[in-house]
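Next come the chains, spelled out residue by residue.
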Amino acid sequence: MSREALMTRTLVKLADTLVDDFDVVDLLTTLADRCVEVLNIAAAGIMLVAPEGELRAMTSSSEAMRVVELFELQSLEGPCLDCYRTGQPVVNNDLTSDDGRWPGFAAVALATGFRAADAVPMRLRRQVIGALNLFRTEPGSLTDDDLIAAQAFADIATIAILQHRSALEAQVVNDQLNHALNSRIAIEQAKGMIAEREGLDMEHAFARLRNHARNHNERLVTVATAIVDGTAVPGSLDPLSH
Amino acid sequence: MSGAGIMLMSGDLPKGSVCTTNGVSEIIEQLQYTLGEGPCVDAVRQHRAVLEPDLARPATPRWVAFTPPAVRAGARAIFGFPLDVGAVRLGALNLYRDRPGPLTDDQHADALVLASVAARAVIGMQADADPGALGAELEVGTNFQFAVHQASGMVSVQLGVSVGQALVRLRANAFADDRLVADVAREVISGRLRFDHRDGQARSGR
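Residues numbered from 1 in each chain as written. Chains lettered and ligands numbered in written order. Predicted model: local features only at pLDDT ≥ 70, side-chain atom pairs only at ≥ 80, totals over all residues. Heavy atoms only, no water.

Asker: Lay out the interface of chain A and chain B in plain terms, naming residues and giving numbers.
Answerer: Contacts between chain A and chain B engage 26 residues on the former and 31 residues on the latter. Buried surface at the junction of chain A and chain B, both sides included, amounts to about 2500 Å², of which 69% is carbon and sulfur. The element best represented in the side of chain A that touches chain B is helix α6 (residues 144-198) of chain A, accounting for 22 residues. Considering only residue class, the side of chain A that touches chain B consists of 11 nonpolar, 9 polar and 6 charged. (Contact = heavy atoms within 4.5 Å. Buried area = accessible area lost by both parts, 1.4 Å probe. Helix = DSSP H or I, 4+ residues; strand = E, 2+ residues; numbered from the N terminus. Nonpolar A, V, L, I, M, F, W, Y, C, P; charged D, E, K, R; others polar.)

Next up, the structure:
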C-alpha cells in the first residue's frame with residue numbers, strides 16, 4: 001500500500017468513533033502501530049492524562065519502548081513529559097548528543113537501543129490530553145512531512161477520544177434523567193390511584209403519600225412504587241391528621 | 001419554518017415536550033405523544049432525519065393516525081431530526097411549515113446543527129441535577145404529561161387493571177374520539193369522564 005493510501009486509511013480508522021464497540025485502547029493501539037508503519041520509526045507510544053491529573057502510559061508498540069516510557073513517568077523527565085506540559089511538539093532530539101536536558105531518560109533510552117525521540121501533543125485547542133511519542137533507533141531528524149502526519153494522527157485520535165468521553169457523560173446524564181422521570185411518573189400514577197380510591201383531589205392525594213413516607217421514614221418513590229405495583233393499597237396509607 | 005419543538009423520548013416512546021414555539025408545534029408533539037407515531041418518533045427509532053415535504057399529499061403515505069389531525073392543525077411540511085450525543089438518543093427536534101416544500105440544503109444543515117445544540121442543552125439542563133431529581137430547568141419548562149400519569153392511576157383503579165394498561169386505554173380512547181390524550185386525562189381527573197369496569201367503556205361522570 002502506498003504511504004498516502006495508508007495515511008488516508010489511518011485517518012478514517014481513527015475518526016471512526018461512532019461504532020458501538022468503540023474502545024479507546026484499540027484506537028490508541030491502532031494509532032501507535034500505524035505511526036510505526038507510516039513514519040518508518042522503531043516504536044510509537046501514547047501517554048494520556050488520567051481523570052486524577054497524572055499522565056499514564058496507555059500503549060506502546062514495543063516492550064522496549066514501554067520500559068523507557070515507564071521510566072520517564074517515574075523520573076518525571078523526558079520529551080513526552082515536556083511535550084505534555086507545554087502542549088507543543090518536542091522534536092528532533094538526538095539522544096547521543098544529549099544537551100543534558102534529560103540525563104536519566106537519555107541514558108535509559110540509549111541503553112534500550114533508541115537513539116532519537118520525538119513527541120507531539122494530543123491536544124484540542126487548549127485542552128492537552130496527552131502526548132504521542134515517536135522513538136527511533138537511528139539518530140537524525142524526522143522530516144517535516146513525517147511531523148505533519150504524526151500531528152494529524154494525534155489530532156484525529158484526540159477528537160475521537162474527547163467525543164467518546166462526552167458521549168459517555170451524556171449516557172450517564174441521560175440514564176439519570178430517565179431514572180428521575182420514571183420516579184416522578186410512579187409518584188403521579190400513585191397520586192391518581194390514591195385520589196380515585198380515597199375520593200381525594202390530587203393535592204390531598206399527594207399530601208397523603210408524602211405524609212405516609214415521612215412517618216415511616218421512606219422515600220416518596222418507594223411508597224409510590226408499592227402503590228402502583230399493588231404491594232400496598234391506598235387505604236393502608238396513614239390518614240392525614242387535620 | 002413556521003414552528004419548532006423539542007421532544008424527549010425514552011426508548012421508542014415520547015416522554016415529554018421540552019418546548020414548542022406555537023400552538024401547532026404543541027399539537028404536533030401532543031399528537032405524537034398520544035399516538036406513538038410521527039416524524040419525531042421515526043427520527044429517534046431510525047436514527048436519522050425524517051423528512052415529509054408534503055404532509056397532505058405524501059409520496060409514500062405513513063403515520064395514518066398522526067397525519068390527518070396534523071394537517072388539520074395546519075402542518076403542510078414536517079421534519080424530524082434526532083437529538084443525539086454520540087450513540088445516546090435523547091429525543092427529536094421537530095420542524096413544520098404551513099406550506100408544502102422540501103428543506104433547502106442550508107436549512108437541512110442548520111437543522112442538524114440546531115439538533116446537536118439542543119441535545120447538548122438538554123444534557124446541560126440535567127447535568128447538575130440532584131441525584132434522582134429532574135434538572136430544575138427541565139422540571140419547570142418541560143411538559144412531561146404528569147396529568148396523563150395521574151389519570152392513568154385513576155383509570156387503573158376504575159377498571160382494576162395495571163397503570164400501564166390504563167395508559168393504553170386512555171390513548172385508545174383519545175384516538176377513537178380524535179382527541180389528545182392530555183384532554184382526555186383532564187376530564188378523567190375532573191371526574192367528567194369515568195371508565196366503567198363492567199364493560200370497559202368511558203362514560204360521562206358526575
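Let us keep going from here.
Asker: Describe the domain arrangement of chain B, and please don't skip the residues or the numbers.
Answerer: All names here are of chain B. Partitioning chain B into domains gives domain 1 (3-141) and domain 2 (146-204). Each of domain 1 and domain 2 has a C-alpha centre, and these two points are 26 Å apart. Every contact between the two is made by 9 residues of domain 1 and, on the other side, 11 residues of domain 2. For the pair domain 1 and domain 2, the summed buried area comes to about 850 Å², and 60% of that belongs to carbon and sulfur atoms. (Domains from an automatic or database assignment.)

Asker: So what about the side chain of R97(B)? Which residues, and what values?
Answerer: Residues and elements named next belong to chain B. Summarising the element assignment, R97 is placed in strand β5 (residues 88-97). In this structure, R97 is buried with no salt-bridge partner, the nearest side chain bearing the opposite charge being D98 at 6.7 Å. Every residue in contact with R97, bar those within four places of it in the chain, is listed here: M1, S2, G74, A75, R76, A77, F79, P102, L103 and Q107. (Buried < 20%, exposed > 50% of the residue type's maximum accessible area, 1.4 Å probe, protein only. Lys, Arg positive; Asp, Glu negative; His and termini not counted. Salt bridge = Lys/Arg side-chain N within 4 Å of Asp/Glu carboxyl O.)

Asker: Describe in detail the sheet that holds strand β3 (residues 90-94) of chain A, supporting the description with residues and values.
Answerer: All names here are of chain A. Overall, antiparallel pairing links the 5 strands, which are arranged β2-β1-β5-β4-β3 in an open sheet. A strand with exactly one partner marks an edge of an open sheet, and here the two such strands are β2 (55-60) and β3. Here the average twist between neighbouring strands, direction ignored, is 20°. Strand direction decides the pairing type here: strand β1 (residues 43-49) and strand β5 (residues 127-136), joined by 6 bridges, are antiparallel. Within the sheet, the bridge partner assigned to M47 lies in β5 and is A131. Packed onto the sheet, helix α3 (residues 63-75) meets β1, β2 and β5 and runs at close to 175° relative to β2. Against the sheet, α6 engages β1, β3, β4 (116-124) and β5, with an angle of about 40° to β4. (Pairing = 2+ DSSP bridges. Axes fitted to C-alpha atoms, helices over the stretch in contact; angles between N-to-C directions.)

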